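For reference, the chains in residue letters:
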Amino acid sequence: MLLASACGFAQQAPPVTAASLQQLLNQDRLLEFSDQLGAAANLSTEEHLYFLGMLAFHVGRFEDAVKPLVAAVNTHNSSLTPN
């Protein structure tokens, strides 16, 4: 690994996706979830709000969970379900 890093061949971490974040959340791996949420650049606004609300919920900050979760489901330009 040291040789690979020195030569610039270090393995890149896979991109953070909504599915990978949900899996961490389902497994109660909150520290990893929190770190990866900060690195997630490809989430929609609604997905980001959902995950922020879920993180607040899981750490017991219920008053901080409500606003982002409600905003995530009250989308104006898309639907959470088809049709």
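Report on the accompanying structure.

1. Notes on the overall build of the protein
- Assigned secondary structure in the protein consists of five helices and zero strands.
- Counted from the first residue to the last, the protein has its helices and strands arranged as α-α-α-α-α.
- In the protein, buried positions account for 20% of the 83 residues.
- For the protein, the share of sequence-separated contacts (at least 6 apart) that also reach a separation of at least 24 residues comes to 34%.
- Looking at the protein as shown, the accessible area adds up to about 6,200 Å², and 59% of this sits on carbon and sulfur atoms.

2. Considering the environment of Y50
- You can see Y50 is positioned in helix α4 (residues 45-58).
- The exposure class of Y50 is partly exposed, given its relative accessible area of 27%.
- Each residue touching Y50, except ones within four places of it in the same chain, is listed here: Q22, L25, P68, L69 and A72.

3. Topic: the nonpolar core
- V16, L21, L24, L25, F33, L37, A40, L43, F51, M54 and L55 together form the largest nonpolar core, which totals 11 residues.
- At the level of secondary structure, the elements contributing two or more residues to this core comprise α2 (18-26), α3 (30-39) and α4.
- Once you skip the residues sitting within four places of it in the chain, A40 turns out to touch V16 and L21.

4. Things to note about the packing of α4 against helix α5 (residues 62-73)
- With their axes 7 Å apart at the nearest point, α4 and α5 run at an angle of 160 degrees to one another. Comparing their axes, α5 and α4 come out roughly antiparallel. Handedness of the crossing formed by α4 with α5: left-handed. Within the contact between the two elements, α4 uses E46, L49, Y50, L52, G53, M54, A56 and F57 and α5 uses F62, D64, A65, P68, L69, A71 and A72.
- When grouped by side-chain class, the residues that make up the contact of α4 with α5 number 12 nonpolar, one polar and two charged.

5. Side note on α5
- Under the 1.5 Å per step criterion, the end-to-end length of α5 is 17 Å for 12 residues, consistent within 8% with the ideal 16 Å.
- For α5, the full list of buried residues reads A65, P68 and A72. Taken end-on, α5 shows its buried residues confined to a sector of 85 degrees, consistent with a single buried face. Exposed side of α5, more than 90 degrees from the buried face: E63 and K67 are the residues found there.
- Packing partners of the buried residues in α5 comprise α4.

The rules behind these values
Residues numbered from 1 in each chain as written. Predicted model: local features only at pLDDT ≥ 70, side-chain atom pairs only at ≥ 80, totals over all residues. Heavy atoms only, no water. Helix = DSSP H or I, 4+ residues; strand = E, 2+ residues; numbered from the N terminus. Buried < 20%, exposed > 50% of the residue type's maximum accessible area, 1.4 Å probe, protein only. Contact = heavy atoms within 4.5 Å. Areas by Shrake-Rupley, 256 points an atom, 1.4 Å probe, with all protein chains shown as cover. Core = buried A, V, L, I, M, F, W, Y, C linked by side-chain atoms within 4.5 Å. Axes fitted to C-alpha atoms, helices over the stretch in contact; angles between N-to-C directions. Parallel < 35°, antiparallel > 145°, perpendicular 65-115°, else oblique. Left-handed = near helix turned anticlockwise from the far one by under 90°. Nonpolar A, V, L, I, M, F, W, Y, C, P; charged D, E, K, R; others polar. Expected span 1.5 Å × (residues − 1). Arc of directions from axis to C-beta.

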